[in-house]
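# Observations on the three-dimensional arrangement
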Amino acid sequence: MICKTISVGDKRCDSCFKKCDDLKRCSQCSFLYFCNRSCQENAWEMHKKECKFILKSKPNVPTASMRLFALILFKLQKYGEDNPQEDIYGRKVSFKTLMSHAEEIKQSIKPIQQMVALISTLKDYIGESNIPPPSEFIEIFGKMVINSFTISNHDGESIGTGVYLGASVFDHSCNPNAEVVFDGINMYIHAVKRITPRDINKVYISYIEQIEFTEKRQESLLEQYYFLCQCEKCTSPEYNDLMKKLIVSEEEAKQHLEKFREGLENIKEIKKSKVGAATLYSACLQELNAQGEILADTHIYRVKVLETAFDACVWNNQWADAVMIGQQLLKPYRLYYSDYNPAFGVHLFKLGKIQLFLNLPSSYETLKQASEILEITHGKKHPLYQELLENLCDSESLSLSKLSITE
């Protein structure tokens with residue numbers, strides 16, 4: 001890994017990205033937190049230079065992208081482009097070898113606008129003298145954007161961004177044969193299908209959200225990574241047809257689809273505003289009722305609203321409703337995700353835990369399905385898998401006790 005930054009507003013240790021009850025602030029900048037002295041010492045080599053700039057910029061605070069670019073810049077100034085270096089099955093990977101797509105960026109309006117805005121804010125943050133010349137800046141910017149990974153917590157929620165050298169060698173597929181998971185800042189890539197031994201050119205991970213219309217996925221890939229995917233999901237109409245499936249004719253649905261798209265966008269805005277889980281859930285139910293006689297249960301608009309409704313139920317401790325909503329997501333997830341997908345496994349784990357909390361016998365089967373997926377995607381030593389095993393054991397005990405009562 002080259003560098004990483006925590007999402008702004010997420011109170012975590014800046015070294016290991018984990019939460020604890022007694023985080024310590026950096027005594028100088030008072031902006032970053034650390035678990036303990038050990039974590040602070042581990043982070044100090046990179047933080048000591050940015051610390052003074054954070055202190056100087058107060059009361060303004062740097063954004064995550066500002067911090068990430070500045071940290072990459074500081075590391076390059078100290079070690080050069082060839083250090084650190086990783087050996088991935090015989091391929092030497094360093095910051096110097098990463099793709100930047102600088103020429104494509106120069107021809108793209110949105111990336112240029114983002115870069116210009118970043119330069120402007122960086123001048124105020126680290127000073128104009130630390131800003132590299134345009135040709136060098138665009139190379140660093142491109143490599144940062146193209147090779148960044150979203151670091152997620154055990155629930156799959158974004159907590160930060162990092163540039164990982166080794167993982168940058170793997171190509172994309174919307175139908176991947178390997179999955180990326182995290183434990184803090186540690187990234188793990190596990191094969192979920194049979195892959196030619198030691199051939200990294202045959203390893204495919206997904207760079208983007210998989211449950212999305214084909215045209216939207218292609219648009220995202222072209223906009224950020226400058227290529228179009230040619231996997232089975234992108235070349236076959238099967239998945240797109242399922243995501244657009246209707247109960248009524250296209251002519252009857254035509255007048256409703258734009259309203260449903262706007263409704264989904266409105267729900268996203270409500271979620272961002274953090275007005276409250278009850279309000280969010282109410283908006284989701286209203287939208288689901290409107291969709292009910294028009295969209296099939298595999299339609300992407302319905303799936304997206306169900307996902308938000310499930311989260312809202314969990315946040316508001318509406319456990320019975322969470323089970324009802326969570327079960328409705330199982331069919332589309334099985335259709336859209338591969339047999340071993342971490343997002344599907346985590347969903348099953350959440351659903352199974354809620355069922356266990358409600359003393360439902362169905363919890364055992366749900367958790368068993370989750371364990372079969374997470375054992376492959378996360379590995380037996382991952383903390384999430386270990387937590388799942390504990391819940392599975394409790395669920396099995398519950399099932400046995402209910403069986404003995406029945407007998």
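Residues numbered from 1 in each chain as written. Predicted model: local features only at pLDDT ≥ 70, side-chain atom pairs only at ≥ 80, totals over all residues. Heavy atoms only, no water.

Secondary structure assignment for the protein chain yields 16 helices and eleven strands. The globule rule puts the C-alpha radius of gyration for 407 residues at 22 Å, and the 23 Å found for the protein chain is close to it. Over its C-alpha atoms, taken along the principal directions, the protein chain stretches across nearly 75 × 55 × 50 Å. The buried share of the protein chain, reckoned over its 407 residues, is 48%. Accessible surface, the protein chain as shown: approximately 21,100 Å² in total, 50% of it carbon and sulfur. Side-chain charges in the protein chain split into 49 positive and 53 negative, and the spacing between the mean points of these groups amounts to 6 Å. (Helix = DSSP H or I, 4+ residues; strand = E, 2+ residues; numbered from the N terminus. Rg over C-alpha atoms; globule rule 2.2 N^0.38 Å. Buried < 20%, exposed > 50% of the residue type's maximum accessible area, 1.4 Å probe, protein only. Areas by Shrake-Rupley, 256 points an atom, 1.4 Å probe, with all protein chains shown as cover. Lys, Arg positive; Asp, Glu negative; His and termini not counted. Charge placed at Lys NZ, Arg CZ, Asp CG, Glu CD.)

With that settled, the discussion passes to the packing of aromatic side chains. On inspection of all chains with the given rule, the structure shows twelve aromatic pairs. Here the aromatic rings of F53 and F74 are separated by 5.8 Å at their centres, their planes lie at 20°, and the arrangement is stacked. Separated by 21 residues along the polypeptide, F53 in helix α1 (residues 37-57) and F74 in helix α2 (residues 64-79) bring together distant segments of the chain. The residues F53 and F74 share a single accessibility class, namely buried. A centroid spacing of 6.4 Å and a plane angle of 65° characterise the contact between F53 and Y125, whose relative ring orientation is edge-to-face. (Phe/Tyr/Trp six-rings, centres within 6.5 Å; stacked < 30°, edge-to-face > 60°.)

Within the secondary structure, R12 is located in the loop between β1 (3-6) and β2 (24-25). Assessed through its relative accessible area of 11%, R12 is described here as buried. When the C-alpha atoms of R12 and L32 are compared, they prove to be 8.4 Å apart, with 20 residues separating the residues in sequence. What R12 contacts, discounting residues up to four positions off in sequence, is I6, F17, K18, K19, L23, Y33, N153 and I159. A polar contact is formed between the side chain of R12 and the backbone oxygen of F17, at a distance of 3.0 Å. (Contact = heavy atoms within 4.5 Å. Polar contact = N/O pair within 3.5 Å; in protein donor to acceptor, adjacent residues only side chain to side chain.)

Below, the discussion takes up the UniProt feature "domain: MYND-type" (unreviewed entry) in the protein chain. Mapped onto the present numbering, the UniProt feature "domain: MYND-type" (unreviewed entry) falls at residues 13-51. Here residues 13-51 is 38% helix and 10% strand, with 15 Å between the C-alpha atoms at its ends. (UniProt positions renumbered as here; feature names shortened; annotations may be inferred.)

Counting across every chain of the model gives zero disulfides. In this structure C284 is a free cysteine whose sulfur lies 8.4 Å from that of C313, the closest cysteine sulfur available. (Disulfide = S-S within 2.5 Å.)

On to the pairing of β1, then. By the alternation rule, side chains of β1 split into C3 and T5 and K4 and I6, which are all buried. Both β1 and strand β7 (residues 158-163) contribute to a ladder of four bridges, which runs antiparallel. In the sheet register, C3 faces β7, and the bridge partner there is V163. (Pairing = 2+ DSSP bridges.)

We now examine the nonpolar core. By size, the foremost hydrophobic cluster in this structure holds 70 residues, and its most contacted members are F69, I72, L122 and I126. With nine residues, α2 is the largest single contributor of residues to this core. In this structure, I211, I300, V305 and Y336 belong to the second largest nonpolar core, which totals 49 residues. (Core = buried A, V, L, I, M, F, W, Y, C linked by side-chain atoms within 4.5 Å.)

Now for the sheet that holds strand β6 (residues 148-152). A sheet is described by the order of its strands in space; here three strands give the open sequence β1-β7-β6, paired in antiparallel fashion. Bordering the open sheet on either side are β1 and β6, each of which pairs with just one other strand. Direction aside, neighbouring strands of the sheet carry axes that sit 25° apart on average. Here α2 sits on the sheet in contact with β1, β6 and β7, set at roughly 155° to β1. (Axes fitted to C-alpha atoms, helices over the stretch in contact; angles between N-to-C directions.)

Next up on the list: the environment of E387. Of note, E387 is situated in helix α16 (residues 383-406). Along the primary structure E387 and F344 are separated by 43 residues, whereas in three dimensions their C-alpha atoms are 17 Å apart.

The geometry of α2 relative to helix α4 (residues 109-126) is characterised by a closest axis approach of 10 Å and an angle of 70° between their N-to-C directions. Comparing their axes, α4 and α2 come out roughly perpendicular. Crossing of α2 over α4 shows right-handed handedness. Counting all contacts with α2, which are made through S65, M66, R67, F69, A70, L73 and F74, the residues of α4 involved are L118, T121, L122, Y125 and I126. For the contact of α2 with α4, the per-class residue count stands at nine nonpolar, two polar and one charged. (Parallel < 35°, antiparallel > 145°, perpendicular 65-115°, else oblique. Left-handed = near helix turned anticlockwise from the far one by under 90°. Nonpolar A, V, L, I, M, F, W, Y, C, P; charged D, E, K, R; others polar.)

This next bit is on the side chain of R67. Residue position: R67 is located in helix α2. Residue class for R67 comes out buried when judged on its relative accessible area of 3%.

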